[in-house]
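For reference, the chains in residue letters:
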Amino acid sequence: MRPFTFLSAALLAATAAVPAAAQSDETGQARPDGPFTTEFFLDRCTHETTGSNPYYVLQPGWRLVLAGEDEGEEVVLVITVTDRTRRVNGVETRVVIERESVDGELVEISRNFITHCRETGSIVYHGEEVDFYENGRIVSHDGSWLAGENGAKAGILMPGTILLGARYFQEVAPGIAEDRAEILSMTETLRTPLGLFENVLKVIETTPLEPGVREFKKHLLDVGLGQDGPIVLIFAGFVS
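Residues numbered from 1 in each chain as written. Predicted model: local features only at pLDDT ≥ 70, side-chain atom pairs only at ≥ 80, totals over all residues. Heavy atoms only, no water.

What to know about the confidence of the model for the chain
(1) Moving on: Averaged over all residues, the pLDDT of the chain equals 89, while 86% of them reach at least 70.
(2) Moving on: When the criterion is pLDDT under 50, residues 1-30 qualifies, and its contacts beyond four places in sequence or with other chains add up to 71 contacts. (pLDDT = per-residue confidence, 0-100. Contact = heavy atoms within 4.5 Å.)

Digging into the environment of glycine 195
(1) Moving on: As for its placement among the helices and strands, glycine 195 is situated in strand E15 (residues 195-206).
(2) Moving on: For the pair glycine 195 and isoleucine 234, spaced 39 residues apart in the sequence, the C-alpha separation amounts to 9.5 Å. (Helix = DSSP H or I, 4+ residues; strand = E, 2+ residues; numbered from the N terminus.)

Comments concerning the pairing of strand E5 (residues 73-88)
(1) Moving on: For strand E4 (residues 62-70) and E5, the ladder comprises eight bridges, and the chain directions are antiparallel. Among the inter-strand pairings, aspartate 70 is bridged to a residue of E5, identified as glutamate 73.
(2) Moving on: Turn length for the E4-E5 hairpin, with the two strands adjacent in sequence and antiparallel, is two residues, and the turn residue glutamate 71 shows positive phi of about 55°.
(3) Moving on: Both E5 and strand E6 (residues 91-102) contribute to a ladder of eleven bridges, which runs antiparallel. Counted as the bridge partner of valine 76 is serine 101 from E6.
(4) Moving on: In textbook terms, the turn of a hairpin is the stretch between consecutive antiparallel strands, and for E5 and E6 this stretch comprises two residues, one of which, asparagine 89, has a positive phi near 55°. (Pairing = 2+ DSSP bridges.)

Brief notes about the environment of arginine 118
(1) Moving on: Checked against the element boundaries, arginine 118 lands in the loop between strand E7 (105-117) and strand E8 (123-134).
(2) Moving on: Along the chain, arginine 118 and glycine 160 lie 42 residues apart, while their C-alpha atoms are 9.7 Å from each other.
(3) Moving on: Those residues in contact with arginine 118, other than ones at most four positions away along the chain, are Thr46 and Glu48.
(4) Moving on: A polar contact is formed between the side chain of arginine 118 and the side chain of glutamate 48, at a distance of 2.8 Å. (Polar contact = N/O pair within 3.5 Å; in protein donor to acceptor, adjacent residues only side chain to side chain.)

Some words on unusual backbone geometry
(1) Moving on: Notably, asparagine 135 is not glycine yet its phi reads approximately 55°, a positive angle.
(2) Moving on: As for its position among the elements, asparagine 135 is in the loop between E8 and strand E9 (137-140).
(3) Moving on: Residue classification places asparagine 135 among the exposed positions, given a relative accessible area of 70%.
(4) Moving on: Here the phi dihedral of aspartate 222 falls at roughly 65°; this positive angle occurs in a residue that is not glycine.
(5) Moving on: Topologically, aspartate 222 is positioned in the loop between strand E16 (215-220) and strand E17 (224-228).
(6) Moving on: We classify aspartate 222 as partly exposed; its relative accessible area is 45%. (Buried < 20%, exposed > 50% of the residue type's maximum accessible area, 1.4 Å probe, protein only.)

A few points about the packing of aromatic side chains
(1) Moving on: If you walk through the whole model with that rule in mind, you get three aromatic pairs.
(2) Moving on: Each ring, one from tryptophan 62 and one from phenylalanine 238, has its centre 4.9 Å from the other, and the planes form 70°; the classification is edge-to-face. Taken together, the positions of tryptophan 62 in strand E4 and phenylalanine 238 in strand E18 (residues 231-238) put the pair 176 residues apart, joining distant regions of the chain.
(3) Moving on: For tryptophan 62, a relative accessible area of 12% puts it in the buried group.
(4) Moving on: Between tyrosine 125 and tryptophan 145 the ring centres are 5.5 Å apart and the planes differ by 80°, which places this aromatic pair in the edge-to-face class. Taken as a pair, tyrosine 125 in strand E8 and tryptophan 145 in strand E10 (residues 145-146) lie far apart in primary sequence, 20 residues in all. Summarising the burial analysis for this pair, tyrosine 125 and tryptophan 145 share the class buried.
(5) Moving on: Between arginine 86 and the ring centre of phenylalanine 113, over which it is positioned, the NZ or CZ distance is 5.0 Å.
(6) Moving on: Sitting over the ring of phenylalanine 36, arginine 180 keeps its end group 4.5 Å from the ring centre. (Phe/Tyr/Trp six-rings, centres within 6.5 Å; stacked < 30°, edge-to-face > 60°. Lys NZ or Arg CZ within 6 Å of the ring centre and 35° of its normal.)

Let's talk about the side chain of histidine 116
(1) Moving on: Looking at the element boundaries, histidine 116 is found in strand E7.
(2) Moving on: A polar side-chain atom of histidine 116 sits 3.3 Å from the main-chain carbonyl oxygen of serine 52.

Looking at the state of the cysteines
(1) Moving on: What the rule picks out here adds up to one disulfide.
(2) Moving on: Between the sulfur atoms of cysteine 45 and its disulfide partner cysteine 117 the distance amounts to 2.1 Å. Its S-S torsion of approximately -95° makes the covalent link between cysteine 45 and cysteine 117 left-handed. Here cysteine 45 is found in the loop between helix H1 (9-17) and strand E1 (47-48), whereas its partner cysteine 117 is found in strand E7, with 72 residues between them in sequence. (Disulfide = S-S within 2.5 Å.)

Listed below in structure tokens is the structure:
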């Protein structure tokens, strides 16, 4: 495991100003009384299209497959770091594709534009293009955004420094995509078909666009996303 690096003065200051105990209660529910960091000094980053931090692998060919039952339907999510890049707001980014199917039918493809900040180790989120499907046809692009367009700017997908209680925006696209995360625990365990994982990072994600909606995710050291709500990791590795 690589040593943790410093995220940014902004995130450190925000976390210090809002104690972890004041940000989430003992049930893991996010509380609305703490700020979320929106400024990350990303212009100081050397943005790389490959790299890794402890909980995110940004290497072409890396693939994660999560699956499980959600409200009686079988959900499969495939996340692949492709060999393609895309320039967003003057920054060359790596294209990471997510494909989600429900009961064997494709429902969403998103192309995510991501970099690794060399100085901080953070995984930076520059936007996404989203296609929603019904009966094999694209019906919507809701949630699509790009840094530098319509007031949107890049956020932090995964910090390089993991600080308990840290709160930060992952997407900063006003009125379109405003996902934000809070780190709840760094010592979880997670049993998956691939085995038992320790020192698991637990995060709660919310958005002011959908008040009351909460999503819990768990991230695995040197692997990446291990659980997203009811779906869990069933494959992790490099593919051609």
